[in-house]
Amino acid sequence: MGLIVDVFSARSDNFGYLVHDTATGRTAAIDAPEAAAIRNALLYRGWTLSDIFITHHHIDHVEAIPELKAEYGVRVIGPKAEADKIADLDELVEAGDRIHLGETVFDVYATPGHTLGHIVFHDKAGKHLFTADALFSLGVGRMFEGTPEPMWNGIKALRDFPDDTLIYCGHEYTESNARFALSVDPDNKALQARAEEVKALRLAGKATIPVTLGTEKAANPFLRADDKVIAAYYGLEGAAPAEVFAALRKGKDSF
């Protein structure tokens, strides 16, 4: 028994995810970007939606909640810190909480920065990590609401998970993230290899997700803000990692 993850496209560049507990048949959508895309994925798999797990309040992650809740009568779980910004939440969670989907257990972690109350969901047993817009492949989300140090600390905590953890993020941004990453870390062999892999996947019309955390640790500059190579690029030798992280995020914003 375990968890099956279905990956599909939604909206213009969102990833949609269904997670299916094989022991009980319970099925959750990770975020609710688009009702039609989620409904089609359910029909294709022959699953029935029972839950929605929400990571943050942005419209492209919550828009389909009312329609799906009306159609399926689902349980909707979301971040306690953003309860005033997300309609139709049934249960509120925060860092340290656990969610059960049948026999599958998800741990909740705080990843502030993209939004202040952003959370991620980790299926430790199955080694699945749903990072939404906190951590992308070869990048991180824009720092819309937070400040560099808490955002760096949240991302750094995710970095401590095992290398074979699978990352499932919120958007297909990997190809553009690769171009920026190569501009700041051009001699990184792991990054070069990942960029080539991403190029081939996109040319074949395939998703670049999931990706292992081990790959990201080696190639994603935002996970290496405490690496002297990244600090040196910005002339920040000896600076606090959060300062280097801030420089990276500012650099990506204007890239």
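See the structure above.
Before going into details, it helps to say that this report is about the structure given with it. Bear in mind that the values here come from a model prediction, so they are computed numbers and not experimental data.

Our next topic: the pairing of strand β7 (residues 98–101). The side-chain alternation of β7 yields one buried face, formed by I99 and L101, and one unburied face, formed by R98 and H100. Note that β7 and strand β8 (residues 104–110) share 4 bridges and pair antiparallel. Across the sheet, residue L101 finds its bridge partner in β8, namely T104. Counting the residues in the hairpin turn of β7 and β8 gives 2 residues, including G102, whose phi is positive at 60°.

All right, on to the packing of aromatic side chains then. Considering all chains together, one arrives at 14 aromatic pairs under this definition. Arranged with centres 5.4 Å apart and planes meeting at 85°, the rings of Y17 and Y168 form a pair that is edge-to-face. Pair noted here: Y17 is in strand β2 (residues 14–21) and Y168 is in strand β13 (residues 166–169), with a separation of 151 residues, a long-range link. For Y17, a relative accessible area of 3% corresponds to the buried category. By relative accessible area, which is 4% here, Y168 ends up buried. With 5.9 Å between their ring centres and 45° between their planes, W152 and F245 make a pair best called tilted. With a gap of 93 residues between them, W152 in helix α4 (residues 148–159) and F245 in helix α9 (residues 241–253) connect regions that are remote in the sequence. Each member of the pair W152 and F245 is classed as buried.

To continue, consider the sheet that holds strand β3 (residues 27–30). What the 6 strands build is an open sheet, ordered β1-β2-β3-β4-β5-β6; its pairing is mixed. Single-partner strands in this sheet number two, and they are β1 (3–10) and β6 (91–93). Strand-to-strand twist of the sheet, defined as the mean angle between neighbouring strand axes without regard to direction, takes the value 20°. The pairing of β3 with strand β4 (residues 51–53) spans 3 bridges and is classified as parallel. Looking at the pairing, A29 lines up with I52 of β4.

This next bit is on the layout of surface pockets. Over the atoms, a rolling probe the size of a water molecule traces out where space has been left empty. Approximately 260 Å³ is the volume found for the largest pocket. Around the largest pocket sit 15 residues that line it, and H114, F136, G141, R142 and Y173 are the ones nearest its centre. If you list the elements that add at least two residues to the lining of the largest pocket, you get α5 (174–184) and α9. Residues belonging to the lining of the largest pocket are distributed by class as follows: 4 nonpolar, 6 polar and 5 charged.

How each quantity is defined
- Residues numbered from 1 in each chain as written.
- Predicted model: local features only at pLDDT ≥ 70, side-chain atom pairs only at ≥ 80, totals over all residues.
- Heavy atoms only, no water.
- Buried < 20%, exposed > 50% of the residue type's maximum accessible area, 1.4 Å probe, protein only.
- Helix = DSSP H or I, 4+ residues; strand = E, 2+ residues; numbered from the N terminus.
- Pairing = 2+ DSSP bridges.
- Phe/Tyr/Trp six-rings, centres within 6.5 Å; stacked < 30°, edge-to-face > 60°.
- Axes fitted to C-alpha atoms, helices over the stretch in contact; angles between N-to-C directions.
- 1 Å grid on protein atoms, 1.4 Å probe; cavity = no way out; pocket = protein on both sides within 12 Å on 5 of 7 lines; lining within 4 Å.
- Points joined across faces, edges and corners; volume = space filled by probe spheres on them.
- Nonpolar A, V, L, I, M, F, W, Y, C, P; charged D, E, K, R; others polar.

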